[in-house]
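Here are the chains, one letter per residue:
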Amino acid sequence: MRDSTVSRLIQAGFVAAVLLIWVLVTGTGLVNPIFVPHPVDVVKQLGRLIVDGSLWDDLKITLFELALAFTAAAVSGTLIGFAVSTSRWSTRVFEPLFAAFFAIPIIVFYPLTVLYFGLGPESKIVHGGMFGFFPIALNTISGFASVDRRLLQLADAMGASPKQRFVRILFPAALPIMITGYRMGFILTFLSIIGSESIASLAGLGHRIVWYAEALETPKMFAYIVIVVVLAMLLNAIVAALEVRRRGNS
Amino acid sequence: MRASRKPASLRRFFARPVVSQLAIVILAVLAWEVAARYSTDELFTSPPSAVFAAAADLFDEAGVMHAVLTTLWELGLSFLLAVGFGLAIGVGVGASGTSYRSLYPIILLAYAIPQVTVLPLFVLYFGPGPASKVAFGFSHGIFPIIVNVVAGLRTVPAGLLRSAYSMGANKQQIFRRITFPHLVPSFFTGMRLGMTATLLGVLLSELYVSSGGIGYYTELYTESFEPQNLFALTGMLALMAVFLNEVVRRAEIRHSRWR
């Protein structure tokens, strides 16, 4: 406990030092404000974005894409992963195939995705879903594969029905590993959506960052970067908390 | 005798996962060929035969080969930088308890920031040429290497260290005989994860903006609706990624075998 308080303090001190250097460097005119804007300007833009509502449209689009992409990845990853895990043969055939695919940065397929689904939200949903699918499917497979065989033998010996076998043993044993997969898949989906919005898109938070970068309106660009970083940390904290809670119950 | 053995060995041959994997890949390519030939719009889907033909043409085109080579050396340079600096910083942070407790939280804090958000900044600072790709790939690759080097140094079993001390080993001997062998496997794990991350960073920045790398051609083929070229280029990149991953994975397995 004490160690984590100390490291929080160190982190807070580090952030404060970075902010101080930022203020000093931009305040004295040491660097061009086009490259590094003054923090006060960034905060002003941040306030303006939130007050006049221009933030919400892009935020809504990005979160909408994230929700659909993650749902698609979670449903298909769980179902396909479970189907693969039901036999030893299919596990040995498909797991290496999925792992090989997972090693490819799926971003290389993004131009093809844009070609098929256009510049709108559809291509981001497909792309984000592809990114999220592999960790979820792989963790579902390894979750069901790692169930203690003795428990299953015991259940069979005591005459458990297939439904009881699944509900009482297979699923609870696989769940912790699957949840790790969902967390990884969720974060990858979010980052890939921001990334694909930066590469080619019409709206969304990633699109806005690039838009203002190209217009050299760096205070606005930094304001959007701050928003995405805060959003990422918030989402990360929420899934991590959910993961810990599920682990505690099961 | 022979006749009865043959089906058994054949069955064993087909039961091997590699055979089924190949069969699945071949079936998928065939299905794609049939679907692309008979049912879909030629502007969007090209049959694999056309893609292979396009791949051969791409190899002949000087510009594309140059772009592939550019991307490869961007990747190589940023990976080398990430390994060098990652190892140095990792050793510095993990060397003592004090440096670990005071510096490691800062590394984790920096690692938690999603780098995609600052991609346009890299282009703003380093220009649209190779420099921004190397810098962005480096920023992706360095963190997994630092984290794994630190983990390798910090997870040396205390019992081993204590018994080495009690037997009168000096610092150099402890490093050579205990710390270093523990560092190597996690360093290779870090290199594998760092390679994947560097590749992601380089490709991401290539696709975002590129003056002469692969990103220039993917955009060209997307905008001019030449799917067979885009498929061929994408396939080439994907194969490259699988190959590089396999190389670092083999190295990792080889160097962590002693554990």
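Fair warning: this is a prediction, and the values are worked out from it, not measured in the lab.

Q: Help me understand the overall build of chain A, please; the structure alone is not making it clear to me.
A: Looking only at helices and strands, one finds 10 helices and zero strands in chain A. N-terminal to C-terminal, the α/β element order of chain A is α-α-α-α-α-α-α-α-α-α. Along the three orthogonal principal directions, the C-alpha set of chain A runs to about 75 × 55 × 30 Å. Taking all 250 residues of chain A together, the buried fraction comes to 38%.

Q: Where do I start with the overall build of chain B in this structure?
A: Within chain B one finds 11 helices and zero strands. Ordered by position from the N terminus, the helices and strands of chain B form the series α-α-α-α-α-α-α-α-α-α-α. Against the 2.2 N^0.38 benchmark of 18 Å for 259 residues, chain B shows a C-alpha radius of gyration of 24 Å, more extended than a compact globule. C-alpha atoms of chain B, sized along the principal axes, occupy 75 × 70 × 30 Å. Of the contacts formed within chain B by residues at least 6 apart in sequence, a portion of 78% connects residues at least 24 apart.

Q: Looking at this model, I keep getting lost on the nonpolar core. Mind explaining?
A: In a soluble, globular protein the nonpolar side chains are often hidden away together inside. The biggest cluster of nonpolar side chains holds 107 residues, and the ones touching the most others in it are Ile209(A) and Tyr224(A). Apart from residues no more than four positions distant in its own chain, Ile209(A) is found in contact with Ser198(A), Met221(A), Tyr224(A), Ile225(A), Val228(A), Thr117(B) and Pro120(B).

Q: Can you help me understand the packing of helix α4 (residues 62-94) of chain B against helix α5 (residues 97-112) of chain B in this one?
A: Geometrically, a packed helix pair is captured by the angle between its two axes and the distance between the axes. Residues and elements named next belong to chain B. As a packed pair, α4 and α5 sit with axes 7 Å apart at the nearest point and diverge in direction by 135°. Looking at the two axes, α4 sits oblique to α5. Every residue of α5 that contacts α4 at Gly92, Val93 and Gly94 is listed here: Ser99, Tyr100, Leu103, Tyr104 and Ile107. Classifying every residue of the contact of α4 with α5 gives five nonpolar, three polar and no charged.

Q: Please explain the environment of Ile142(B) as it appears in this structure.
A: All names here are of chain B. Tracing the sequence through the fold places isoleucine 142 in helix α7 (residues 130-154). Put simply, isoleucine 142 and alanine 53 are 89 residues apart on the chain and 39 Å apart in space, counted from C-alpha to C-alpha. If we skip the residues at most four places from it in the chain, isoleucine 142 touches Ala82, Phe85 and Gly86.

Q: Please explain the packing of helix α4 (residues 88-103) of chain A against helix α6 (residues 121-145) of chain A as it appears in this structure.
A: All names here are of chain A. Across the interface, α4 lies against α6 with an axial gap of 10 Å and an inter-helix angle of 150°. In this structure, α4 crosses over α6, and the sense of that crossing is left-handed. Mapping the contact onto sequence places Thr91, Glu95, Phe98, Ala99, Phe101 and Phe102 in α4 and Phe134, Ala137, Leu138, Ile141 and Ala145 in α6. Partitioning the contact of α4 with α6 into residue classes produces nine nonpolar, one polar and one charged.

Q: Just checking my understanding: could you explain unusual backbone geometry for this structure?
A: With glycine set apart, most residues show a phi of negative sign, and most peptide bonds adopt trans. Residue and element names in this part refer to chain A. If you check the backbone angles, leucine 216 has positive phi at about 60° while not being a glycine. Positionally, leucine 216 belongs in the loop between α9 (205-214) and α10 (218-249). Classification of leucine 216 as exposed rests on a count of 10 C-beta atoms within 10 Å.

Q: Even after reading the chapter, I still don't get helix α6 (residues 119-126) of chain B, so can you show me in this structure?
A: Think of an α-helix as 3.6 residues a turn; residues three or four steps apart then line up on the same face. Among the residues of α6(B), those classed as buried are Leu119(B), Pro120(B), Leu121(B), Phe122(B) and Val123(B). Looking one or two places after α6(B), you find Gly127(B), whose phi comes out positive at around 80°.

Q: Can you walk me through the interface of chain B and chain A in this structure?
A: One frequently used descriptor of interface size is the decrease in accessible area upon assembly of the parts. Counting residues at the interface gives 36 residues for chain B, matched by 37 residues for chain A. Among the elements of the structure, α2 (17-38), α5, α6, α9 (171-208), α10 (214-223) and α11 (227-255) of chain B are those that each provide at least two residues to the side of chain B that touches chain A. Per-element tally for the side of chain B that touches chain A: the top contributor is α11(B), with eight residues. Tallied by class, residues from the side of chain B that touches chain A come to 26 nonpolar, nine polar and one charged.

Q: Would you mind showing me how to read the environment of Gly129(B) here?
A: For Gly129(B), the location among the structural elements is in the loop between α6 and α7. Taking the C-alpha atoms as reference points, Gly129(B) and Gly212(B), 83 residues apart in sequence, are found 7.5 Å from one another.

Q: Help me out: how do you make sense of the confidence of the model for chain B in this one?
A: Should pLDDT be low for a region, the predicted coordinates there are not to be read in detail. Across chain B, the average pLDDT comes to 84, with 93% of residues at 70 or higher. Confidence estimates for the predicted assembly give a pTM of 0.84 and an ipTM of 0.82.

Q: Just checking my understanding: could you explain the confidence of the model for chain A for this structure?
A: With 97% of its residues at a pLDDT of at least 70, chain A reaches an overall mean of 87. Across chain A, the secondary-structure element scoring lowest on mean pLDDT is helix α1 (residues 2-27) of chain A, at 82, and the one scoring highest is helix α3 (residues 54-85) of chain A, at 93.

Q: Which parts of the structure should I look at to understand the environment of Ser78(B)?
A: All names here are of chain B. For serine 78, the position within the fold is in helix α4. Residues serine 78 and glycine 141, spaced 63 residues apart in sequence, show a C-alpha to C-alpha distance of 7.8 Å. Setting aside residues no more than four positions away along its own chain, serine 78 makes contact with Val134, Gly137, Phe138, Gly141, Thr198 and Val202.

Q: Any chance you could explain helix α3 (residues 48-60) of chain B here in plain terms?
A: All names here are of chain B. With 13 residues, α3 extends 19 Å between its outermost C-alpha atoms, agreeing within 8% with the 18 Å of an ideal straight helix rising 1.5 Å per residue. Of all the residues in α3, the buried ones are Val51, Ala54 and Leu58. When α3 is viewed along its axis, its buried side chains cluster within an angular range of 65° and face the same direction. Residues of α3 that are exposed and angled more than 90 degrees away from the buried face: Ala56, Phe59 and Asp60.

Definitions and cut-offs
Residues numbered from 1 in each chain as written. Chains lettered and ligands numbered in written order. Predicted model: local features only at pLDDT ≥ 70, side-chain atom pairs only at ≥ 80, totals over all residues. Helix = DSSP H or I, 4+ residues; strand = E, 2+ residues; numbered from the N terminus. Buried ≥ 20, exposed ≤ 12 C-beta atoms within 10 Å, placed from the backbone. Rg over C-alpha atoms; globule rule 2.2 N^0.38 Å. Contact = placed C-beta atoms within 7 Å. Core = buried A, V, L, I, M, F, W, Y, C linked by C-beta atoms within 7 Å. Axes fitted to C-alpha atoms, helices over the stretch in contact; angles between N-to-C directions. Parallel < 35°, antiparallel > 145°, perpendicular 65-115°, else oblique. Nonpolar A, V, L, I, M, F, W, Y, C, P; charged D, E, K, R; others polar. Left-handed = near helix turned anticlockwise from the far one by under 90°. pLDDT = per-residue confidence, 0-100. Expected span 1.5 Å × (residues − 1). Arc of directions from axis to C-beta.

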